[in-house]
Amino acid sequence: MAGCIKIEDGQTFSKEMFCIPQHYEDYLESVLIPKGLILNRTERLARDICRDLCHGPLVALCCLKGGYQFFSHLSEFIINYNGTSGHSVPFSIDFIRLKSYENDGSTNDVKIVGGSDLSSIKGKNVLIVEDIIDTGRTMEKMLEVVSQYKPAQVKVVSLLVKRTPLRSSSYRPDYIGFEVPDRFVVGYAIDYNEYFRDLNHICVINKEGIEKYRT
Ligand code: 5GP
């Protein structure tokens with residue numbers, strides 16, 4: 001099973017210790033993972049992924065929208081490693097959008113709501129890049145969709161996996177950045193009703209934030 005950095009329940013940083021946009025200060029409880037740590041961990045994930053997967057053309061498939069920052073930084077590290085590690089493979093990108101969350105809760109209904117034509121992944125190694133695995137249902141659906149396009153191999157990397165033993169389908173991705181407590185998180189492109197994407201660190205939203213930005 002993939003190793004990862006485990007963030008224990010209650011292991012957070014005071015938001016006063018970091019630069020938080022003023023418009024969000026009152027709506028966050030704490031910082032869970034500072035951006036610097038995210039980037040350091042992402043660099044190592046890129047190395048592990050290249051060592052396992054860079055044996056033929058690699059397609060990184062970005063799960064929109066929450067995964068775009070992680071996808072962007074991970075792709076950059078993969079491209080650097082792939083270009084400097086002795087042997088290299090063609091690397092391309094694609095996008096898909098699935099939706100399962102309403103406000104701050106997961107629903108049973110996972111829908112594909114956009115993305116590109118995936119016929120180009122046929123016969124290639126595919127890396128699905130996701131922001132968060134909660135119950136695991138979104139990724140199970142995604143794997144069903146992607147396998148219809150007959151890739152050579154599919155691996156999944158998720159920046160976060162939540163500890164949700166009672167809700168989880170017990171799905172685990174191949175590569176994990178951090179295992180985190182079962183809290184609703186925002187920042188680093190992960191949104192709450194389209195807010196908080198413009199926040200550098202992954203943070204825990206507070207009750208006021210949930211109310212303020214509820215649709
Ligand atoms: P799952 O299908 O695994 O229950 O949910 C996965 C999706 O739910 C993620 O891709 C993400 O979009 C959303 N999600 C799960 N937990 C959180 C969270 O704490 N914050 C936000 N903003 N989205 C979440």
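Heads up: these notes are all about the structure in this document. (Residues numbered from 1 in each chain as written. Predicted model: local features only at pLDDT ≥ 70, side-chain atom pairs only at ≥ 80, totals over all residues. Heavy atoms only, no water.)

### Focus: the overall build of the protein chain
Let me state the cut-off plainly: Helix and strand assignments follow DSSP, with helices taken as H or I runs no shorter than four residues and strands as E runs no shorter than two, numbered in order from the N terminus. Note on method: radius of gyration uses C-alpha positions; expected globular size equals 2.2 Å times residues raised to 0.38. Burial classes follow relative accessibility: with a 1.4 Å probe on protein chains only, a residue under 20% of its type's maximum area counts as buried, one over 50% as exposed, and anything between as partly exposed. Contact between two residues is taken to exist if any of their heavy atoms lie within 4.5 Å; hydrogens are not considered. Methods summary: accessible areas were calculated by the Shrake-Rupley approach with a probe of 1.4 Å, and residue burial reflects only the protein chains presented. Just so you know, the count uses Lys and Arg for positive and Asp and Glu for negative, and it drops His and the chain ends. Charge positions are represented by NZ for Lys, CZ for Arg, CG for Asp and CD for Glu.
A tally of regular secondary structure across the protein chain gives 4 helices and 10 strands. On C-alpha atoms alone, the protein chain measures out to a radius of gyration of 17 Å, which is about the 17 Å that the 2.2 N^0.38 rule sets for 215 residues. Projected onto the principal axes, the alpha-carbon positions of the protein chain cover approximately 50 × 40 × 30 Å. Burial statistics for the protein chain: of 215 residues in total, 47% are counted as buried. Contacts spanning at least 24 positions in sequence make up 68% of the contacts within the protein chain whose residues lie at least 6 apart. Element-wise, carbon and sulfur atoms account for 49% of the exposed surface of the protein chain, whose accessible area totals about 10500 Å². Side chains of the protein chain give 26 positive and 28 negative charges; the mean places of these two sets differ by 4 Å.

### Some points on the pairing of strand β10 (residues 202-205)
This is how it is decided: At least two bridges found by DSSP between two strands are what make those strands a pair.
Taken together, the 4 bridges between strand β2 (residues 28-33) and β10 define a ladder with antiparallel strand orientation. Of the residues in β10, the one forming a bridge with I33 is I202. Summarising the sheet, strand β9 (residues 185-186) and β10 pair through 2 bridges and their orientation is antiparallel. In the sheet register, V185 faces β10, and the bridge partner there is V204.

### Here we look at the sheet that holds β2
The strand order β2-β10-β9 describes an open sheet built from 3 strands, whose pairing is antiparallel. At either margin of the open sheet sits one strand with a lone partner, and together these are β2 and β9.

### What to know about the nonpolar core
Threshold: Buried Ala, Val, Leu, Ile, Met, Phe, Trp, Tyr and Cys residues that are joined via side-chain atoms within 4.5 Å together make up what is termed a nonpolar core.
Residues I33, I49, L74, L127, V157, L160 and I202 are the most contacted members of the largest nonpolar core, which totals 32 residues. Elements with a minimum of two residues in this core: β2, α1 (35-53), β3 (58-64), α2 (68-84), β6 (125-133), β7 (153-162), β8 (175-180) and β10. For this core, the element with the most residues is α1, which contributes 6 residues. Once residues lying within four places of it in the same chain are set aside, the contact partners of V157 are L45, I49, F70, L74, L127, I128, V129, E130 and Y175. Counting residues in hydrophobic clusters, the runner-up holds 18 residues, among them L61, L118, M139 and V156.

### Some details on the environment of K6
Structurally, the position occupied by K6 is in strand β1 (residues 5-6). Placed 157 residues apart in sequence, K6 and R163 show a C-alpha to C-alpha distance of 9.8 Å. Once residues within four sequence positions are removed from consideration, K6 is found in contact with Q11, R163 and E179.

### Focus: the site of the ligand
Note the threshold: Whether a residue is near a molecule or strand depends on its heavy atoms: it is near if one of them lies within 4 Å of it. N or O atoms within 3.5 Å of each other form a polar contact, as long as, within protein, one can give a hydrogen and the other can take it, and as long as residues adjacent in sequence are counted only when both atoms are side-chain atoms. Gly falls in the polar group here, along with every residue not listed as nonpolar (Ala, Val, Leu, Ile, Met, Phe, Trp, Tyr, Cys, Pro) or charged (Asp, Glu, Lys, Arg).
Neighbouring residues of the ligand: 18 residues in total, closest T135, G136, T138, K162 and D191. At a separation of 3.1 Å, an oxygen atom of the ligand approaches a polar side-chain atom of D131. One of the backbone nitrogen or oxygen atoms of D134 is found 2.8 Å away from an oxygen atom of the ligand. When the ligand sits alone it has 510 Å² of accessible area, and the protein chains cover 91% of it. Tallying contributions element by element places β6 first for the shell around the ligand, with 4 residues. Within the shell around the ligand, the residues separate by chemical class into 6 nonpolar, 5 polar and 7 charged.

### Topic: the environment of E179
Tracing the chain through its elements places E179 in strand β8. On the basis of relative accessible area, E179 is assigned to the buried category, the value being 11%. Expressed as a C-alpha distance, the spacing of E179 and K162, which sit 17 residues apart in the sequence, is 5.8 Å. If we skip the residues at most four places from it in the chain, E179 touches C4, I5, K6, I7, V161, R163 and R172.

### Points about the side chain of T135
Along the chain, the position of T135 falls in the loop between β6 and α3 (137-147). Within the local environment of T135, its side chain forms a polar contact with the backbone nitrogen of R137, the two atoms lying 3.2 Å apart.

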